[in-house]
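Coordinates in review
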Amino acid sequence: MTLLLNVEDHRRRARRVLPRLVFDYVDGGAEDERCMRRNRDALEALPLVPECLRDTRTVDIGIELFGRRWHAPFAIAPIGLAGLVRPRADALLASAAQAAGVPFILSTASNTRLEDVRDAAPDALLWMQLYVMGERAIAERIVRRARAARFEALVLTVDVPVSGLRERDLRHGFRVPMRLTPGTLLDMARHPAWLLRLARGGMPQFANLLPDDDGAPVSAQTQAALLSRAMDRSLTWDSLGWLRKLWDGPLLVKGLLGAQDAKRAVRYGADAIVVSNHGGRQLDAAPASIAALPAMVEAVDGRIPVLVDGGMRRGSDVVKALALGARAALVGRAPIYGLASGGEQGALSVLQLLAQETERTMTLLGATHTRELGPRHVDQPEIRSPTEQEHAAAQLKENTHGKPSIYPVHATA
Ligand SMILES: Cc1cc2nc3c(=O)[nH]c(=O)nc-3n(C[C@H](O)[C@H](O)[C@H](O)COP(=O)(O)O)c2cc1C
């Protein structure tokens, strides 16, 4: 029995138990996968600085957002087509999130109907992610249904005007229309447990777009648009007003990386933003989201919460995000690796591992509450916002009475 001690262990197991086509769909990024690597590299390169001899008998890793308490400072990010990993994946993830006391964000491109996800996890904190495709009426219907099913926040994803070029998928013939190569078919046959589950559960469909009792069927064109992520390119900041009329709960904008966009989000009435490069699956030249975070936090200037995702594989990564000003992090691939390696229990075990690591990291930092985490816990001046860097430089000058120091700024600030 292999020990599954961390997310990477779950990832390795996922790689073994999934056909390559499915593993690569989850694991891969756009083009040369530089952005995806950048996410990890930037997190790994960011040291945390502990404060010692502090009373850490109780450490609270929970947060509060939009009037709701989360048991850990992260949520499960929306993942489309998770049903390829396991039938009923979205329901299993929602149920794991409910057990862990963290939110689950359901993708528009989920393979379980949003109402069925709610039934599977009646007490879960559910948020709905929205893709807006050509026919706006479809998005309107999803929003209405999400509200009826007690989804609590709406997350508009804005970094997909066109799909990033996922070359791993193309090599496997995983595109519209699907063209499976003999190699891929053989690969599937070599994973009989996965194949059997798929045979029992049926080919995953975009369940939210299937005709429901009161709705007209969604055109094949829209289904194809969702698979190839061809979104409505006429969507602009003004469209937030259109959504506002349909949705009176918290409205988040996911996929921003620039400070000007962060300011626009505030101006156009978003309730929070998610700093994200879609896990490196869209613009391969995009910055690491953790590197973009400080300037985004500075741009919104405390007016709305900032969330961040991309490359979070350890509790310490989540702590780094919080220390740089994020209210919470989202984890995308990590719980999917868990789902692949052990179903709902595997996903829950990943969430628990991340929570334990978060708690241990905070204890080692001497922080007893997520609120206490701040830029002083992060030792990397170039990733701080310009104002923080100025502040650090001023502090250094003060500390050294204006004399030049032999230490670089980050060693003392
Ligand atoms: C397989 C896969 C499918 C995704 N599908 C969606 C989606 O439907 N909607 C969305 O907003 N983001 C989607 N994302 C992006 C995630 O929500 C999230 O931003 C990203 O996975 C975070 O990076 P991480 O996987 O390194 O944690 C997807 C990511 C992956 C890996």
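Cut-offs used in this document
- Residues numbered from 1 in each chain as written.
- Predicted model: local features only at pLDDT ≥ 70, side-chain atom pairs only at ≥ 80, totals over all residues.
- Helix = DSSP H or I, 4+ residues; strand = E, 2+ residues; numbered from the N terminus.
- Buried ≥ 20, exposed ≤ 12 C-beta atoms within 10 Å, placed from the backbone.
- Contact = placed C-beta atoms within 7 Å.
- Near = placed C-beta within 6 Å.
- Nonpolar A, V, L, I, M, F, W, Y, C, P; charged D, E, K, R; others polar.
- Arc of directions from axis to C-beta.
- Core = buried A, V, L, I, M, F, W, Y, C linked by C-beta atoms within 7 Å.
- Pairing = 2+ DSSP bridges.
- Right-handed = clockwise from strand over helix to strand, strands pointing away.
- Axes fitted to C-alpha atoms, helices over the stretch in contact; angles between N-to-C directions.
- Parallel < 35°, antiparallel > 145°, perpendicular 65-115°, else oblique.

From N to C terminus, the protein includes 17 helices and 10 strands. Here the protein holds 413 residues, and the buried ones make up 48% of them. When contacts within the protein are restricted to residue pairs at least 6 apart in sequence, those whose partners lie at least 24 apart make up 72%.

What follows covers the site of the ligand. The ligand sits among 25 residues. The nearest are Ala77, Gly80, Ser107, Gly279 and Gly332. Elements with a contribution of two residues or more to the shell around the ligand: helix H2 (20-27), strand E10 (328-331) and helix H15 (333-365). Taken together, the residues that form the shell around the ligand break down as 10 nonpolar, 11 polar and four charged.

Time to look at helix H1 (residues 7-17). Of the positions making up H1, those classed as buried are Val7, His10, Arg11 and Ala14. End-on, the buried residues of H1 take up no more than an arc of 105°, which puts them together on one face. Contacts from the buried residues of H1 go to H2 and H15.

Summarising the element assignment, Glu8 is placed in helix H1. Residues Glu8 and Tyr337, spaced 329 residues apart in sequence, show a C-alpha to C-alpha distance of 8.5 Å.

Glancing now at the nonpolar core. If you look at the biggest cluster of nonpolar residues, it comprises 126 residues, and the most contacted ones within it are Leu93, Leu154, Ile273, Met296 and Ala329. Broken down by element, the residue count for this core peaks at 14 residues, all from H15. Setting aside chain neighbours within four positions, we find Ile273 in contact with Leu252, Val253, Leu256, Ala262, Ala265, Met296, Val300, Ile304 and Val306.

On to the pairing of E10. Burial along E10 is two-sided: the residues Ala328 and Leu330 and Ala329 and Val331 are all buried. As paired elements, strand E3 (residues 74-76) and E10 share three bridges and run parallel to each other. Each residue of the ladder has a partner; that of Phe74, found in E10, is Ala329. In this sheet, E10 lies alongside strand E9 (residues 306-309) in parallel orientation, the contact comprising three bridges. Residue pairing for E10: Asp309 is matched across the bridge by Leu330. In terms of handedness, the path from E9 via helix H14 (residues 315-323) over to E10 forms a crossover that is right-handed.

Another point: the packing of H1 against H15. Between H1 and H15, the least distance of the axes is 10 Å, while the angle of their chain directions is 170°. If you check the angle between H1 and H15, you find them roughly antiparallel. Contact residues: H1 offers Val7, His10, Arg11, Arg13, Ala14 and Val17, while H15 offers Ala334, Tyr337, Gly338, Ala340, Ser341, Gly346, Val350 and Leu353. Grouping the amino acids of the contact of H1 with H15 by side-chain chemistry returns eight nonpolar, four polar and two charged.

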